[in-house]
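One letter stands for each residue in the lines below.
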Amino acid sequence: MEVKNISFSYGEKPIIDGLSMSLSGGRRIAVMGESGRGKTTLLKLLLGVLEPTSGVIERSPGEKPAVVFQEDRLLPWFSALKNAAYSAAPGVSAEELLKDMELGESMDKLPKELSGGMQRRAAIARALAYSGDPLLLDEPFKGLDPDMRERIAGRILERAKNASILLITHDEHEAGLLDCDEIIRL
Amino acid sequence: MRRFFKNKIVKKALIAAVWLLIWQAAAWAVGSKLLLPSPVETAKALASLAVTGTFWKSCLLTLLRVFAGFFLGVIAGAVLGVATAASGFLDELLSPLRSIVKATPVTSFIILVLLYLTSSLTPMFIAFLMVLPIVWANVLSGIKATDAQLLEMADAFGYTKAKKLSAVYAPSVLPHFLSACTTGLGFAWKSGVTAEVIAHPAFGMGKYIYESKLYLETPELFAWTAAVVILSFLLEKLVLLLLGRIVRWK
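Nothing here was measured: the structure is a model prediction, and the numbers come from that model. (Residues numbered from 1 in each chain as written. Chains lettered and ligands numbered in written order. Predicted model: local features only at pLDDT ≥ 70, side-chain atom pairs only at ≥ 80, totals over all residues. Heavy atoms only, no water.)

1. Some points on the overall build of chain A
Heads up, the condition is: Each helix is a run of H or I in the DSSP string that is no shorter than four residues. Each strand is a run of E no shorter than two, and both are numbered from the N terminus. Radius of gyration: C-alpha atoms only; globule rule: 2.2 Å multiplied by the number of residues to the exponent 0.38. Three labels apply to residues, based on accessible area from a 1.4 Å probe with only protein chains included: buried if under 20% of the type maximum, exposed if over 50%, partly exposed otherwise in between. By definition, residues are in contact when any of their heavy atoms lie within 4.5 Å. Asp and Glu count as negative and Lys and Arg as positive, but His and the ends of the chain are not part of the count. For charged residues, the charge sits on one atom: NZ in Lys, CZ in Arg, CG in Asp, CD in Glu.
Along its length, chain A carries six helices and eight strands. In chain A, the succession of helices and strands from N to C terminus is β-β-β-α-β-β-α-α-α-β-α-β-α-β. Taken over C-alpha atoms, the radius of gyration comes to 16 Å for chain A, in line with the 16 Å a tight globule of 186 residues would show. Taken along its principal axes, the extent of the C-alpha atoms in chain A is 50 × 35 × 30 Å. Out of the 186 residues belonging to chain A, those deemed buried represent 53%. The long-range fraction of contacts in chain A, counting pairs at least 24 apart against all pairs at least 6 apart in sequence, stands at 70%. Each charge sign in chain A was given a centre, from 24 positive and 29 negative side chains, and these centres are 3 Å apart.

If you want it as structure tokens, here you go:
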């Protein structure tokens with residue numbers, strides 16, 4: 001995915017102005033900035049939910065981004081396992097991924113029966129199960145304690161070894177956890 | 001002693017007893033079973049009805065008519081709900097129809113429908129007509145209220161249309177649909193019996209309510225009404241029980 005000089009504005013108010021980046025070849029980019037600086041808008045642009053006002057996003061044929069949204073967006077009526085399994089690429093075991101996310105004991109629980117941090121990890125497991133590239137992560141470690149962040153970051157890197165990653169975060173330390181090559185400040 | 005009164009069943013039994021006493025006192029005060037039969041007289045009338053074949057046949061036929069109308073209304077309402085959610089034009093085209101059906105008094109419909117249908121089919125059609133707009137409106141609003149973030153998620157993860165329907169839309173609409181079914185069942189039941197009162201089918205609880213009134217058999221009138229209320233209560237409990245089982249995540 002190549003982002004070429006994109007801008008986006010809501011009415012008169014510019015949100016993103018002339019942003020370029022290359023999310024390919026396993027590149028890892030962290031995007032940082034205060035609230036309201038367009039980080040989530042950028043995610044929507046990359047997913048194709050919004051169209052840039054100017055500039056282009058070039059997607060390679062067959063490209064399918066996987067995403068961890070800022071909100072967990074788990075289907076409330078399905079267990080953690082079913083949530084992950086519903087998005088799993090053929091041949092990928094959602095069960096293994098949930099175990100990786102330390103949810104082995106809780107995979108049959110509904111989202112409402114999980115703590116905030118557990119729901120977060122279930123959302124990460126779902127994104128990894130999809131086996132998409134690039135991997136778009138909007139504050140993926142929200143609600144996880146420092147030790148857990150480190151472990152989960154390590155497993156994301158193991159599982160998405162060759163994928164390009166876009167990390168949206170407030171915390172520069174997290175960019176380090178995911179071994180980012182570049183930090184863009186909005 | 002206090003604990004005894006806090007027991008739910010005891011409490012409900014006591015409340016029922018209080019109201020039965022009030023009824024009994026009122027019957028004594030009126031002093032005529034023609035005007036107001038007592039609970040005991042009503043129970044006696046119900047007991048003597050319950051040993052007749054006519055009573056059970058009427059209950060069964062009323063239940064069948066109401067259920068058939070209810071079932072068809074639920075299906076038609078769900079189909080129209082989905083269709084009007086998918087097409088704004090269709091929604092605009094059909095919404096006056098929904099409003100008219102909702103606003104027209106049920107007795108007008110009964111008399112009108114009797115011109116076209118038999119007295120046995122009229123209660124069924126009336127039950128259908130009462131359920132249809134309720135299920136339709138609820139399914140429509142349920143679809144419209146589906147969480148946009150979940151739909152965006154489904155698109156992001158490449159859900160097919162069928163998967164989106166079964167994993168996102170259907171579970172979101174289900175609580176709306178089920179609550180429409182509970183409300184609709186109550187309406188179907190009451191309107192179905194009312195239609196029987198007016199349409200006079202060969203057998204039917206509504207028919208005998210009317211005949212009891214006609215022959216001034218007030219204890220029977222009360223007994224039939226009590227049977228309608230008891231059946232309605234049981235049906236509602238049954239639906240609520242099913243509803244609670246289906247929507248586990250709420």
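2. Observations regarding the domain arrangement of chain B
All names here are of chain B. Quick note on the threshold: Where each domain starts and ends comes from a domain assignment, either automatic or drawn from a database. Accessible area, probed at 1.4 Å, shrinks when two parts are joined; the buried area is that loss added up over both. Salt bridge criterion: a side-chain nitrogen from Lys or Arg within 4 Å of a carboxyl oxygen from Asp or Glu. Under the rule applied, a polar contact is a pair of N or O atoms within 3.5 Å (in protein, one hydrogen donor and one hydrogen acceptor; residues adjacent in sequence only if both atoms are side-chain atoms). Each residue is assigned to one of three groups, with Ala, Val, Leu, Ile, Met, Phe, Trp, Tyr, Cys and Pro labelled nonpolar, Asp, Glu, Lys and Arg labelled charged, and all others, Gly among them, labelled polar.
The domains assigned to chain B are domain 1 (1–31) and domain 2 (34–249). Its C-alpha centre places domain 1 at a distance of 31 Å from the equivalent point of domain 2. If you look at the interface, domain 1 gives six residues, while domain 2 gives eight residues. Summing the contributions of domain 1 and of domain 2, the shared interface buries around 560 Å²; its carbon and sulfur component is 78%. At the junction of domain 1 with domain 2, the criterion picks out zero salt bridges. For the pair domain 1 and domain 2, the interface holds one residue pair in polar contact (both at pLDDT 80 or more). Within the side of domain 1 that touches domain 2, the residues separate by chemical class into five nonpolar, one polar and no charged.

3. So, the side chain of R73 of chain A
As for its placement among the helices and strands, R73 of chain A is situated in the loop between β5 (66–68) and α2 (80–87). Taking the relative accessible area as the measure of exposure, R73 of chain A reaches 8% and is therefore buried. Looking at R73 of chain A, its side chain comes within polar contact range of the main-chain oxygen of Q149 of chain B, at 3.2 Å.

4. Let's talk about the pattern of salt bridges
Within the structure shown, the criterion is met by 17 salt bridges over all chains. E152 of chain B is paired through a salt bridge with K44 of chain A; the nearest N and O atoms lie 3.8 Å apart. With E152 of chain B in helix α8 (residues 148–156) and K44 of chain A in helix α1 (residues 39–47), this pair bridges two chains. Overall, K44 of chain A belongs to the partly exposed group, its relative accessible area being 25%. Between R155 of chain A and E102 of chain A there is a salt bridge, with its nearest N and O atoms 2.8 Å apart. With R155 of chain A in helix α5 (residues 146–159) and E102 of chain A in the loop between α3 (94–100) and α4 (116–129), this pair connects stretches of sequence that are 53 residues apart. A relative accessible area of 21% places R155 of chain A in the partly exposed class. On the basis of relative accessible area, E102 of chain A is assigned to the partly exposed category, the value being 30%.

5. Quick notes on the environment of A26 of chain B
In this structure, A26 of chain B sits in helix α2 (residues 8–30). Through-space distance from the C-alpha of A26 of chain B to that of P37 of chain B is 9.3 Å; in sequence the pair is 11 residues apart.

6. Description of the sheet that holds strand β7 (residues 165–169) of chain A
Residue and element names in this part refer to chain A. We count it as follows: The pairing criterion for strands is at least two bridges between them, as found by DSSP. Note on definitions: angles span 0 to 180 degrees between N-to-C directions of axes, and those axes are lines fitted to C-alpha atoms, for helices only across the stretch in contact.
Read across the open sheet, the five strands follow the order β5-β6-β7-β3-β8; overall the sheet is parallel. Where the open sheet ends on each side, the last strands, each with one partner, are β5 and β8 (182–185). Averaged over all adjacent pairs, the angle separating strand axes in this sheet is 15°, with direction ignored.

7. Thoughts on the nonpolar core
Note the threshold: To qualify as a nonpolar core, a set must consist of buried Ala, Val, Leu, Ile, Met, Phe, Trp, Tyr and Cys residues joined through side-chain atoms within 4.5 Å.
Residues L46 and L178 of chain A are the most contacted members of the largest nonpolar core, which totals 76 residues. The biggest single contributor to this core is α4 of chain A, with eight residues. If we ignore the near neighbours within four places in the chain, the residues touching L46 of chain A are M1, V3, M21, L23, I57, R59, L136 and L166 of chain A. With 31 residues, the next largest nonpolar core counts V135, I143, C181 and V228 of chain B among its residues.

8. Digging into a positive patch on the surface
All names here are of chain B. Filter applied, for reference: A residue counts toward a patch only above 30% relative accessible area and without a salt bridge, and it is joined to like-charged neighbours within 9 Å or, for Val, Leu, Ile, Met, Phe, Trp and Tyr, to nonpolar neighbours within 5 Å. To measure how exposed things are, a 1.4 Å probe is used in the Shrake-Rupley method; for residues, cover is taken only from the protein chains shown.
Where like charges cluster on the molecular surface, the positive patch consists of K8, K11, K12 and K237. It is α2 that provides the largest number of residues to the positive patch, a total of three residues. Looking at the element boundaries, K11 is found in helix α2. Residue K11 is classed as partly exposed on the basis of its relative accessible area of 47%.

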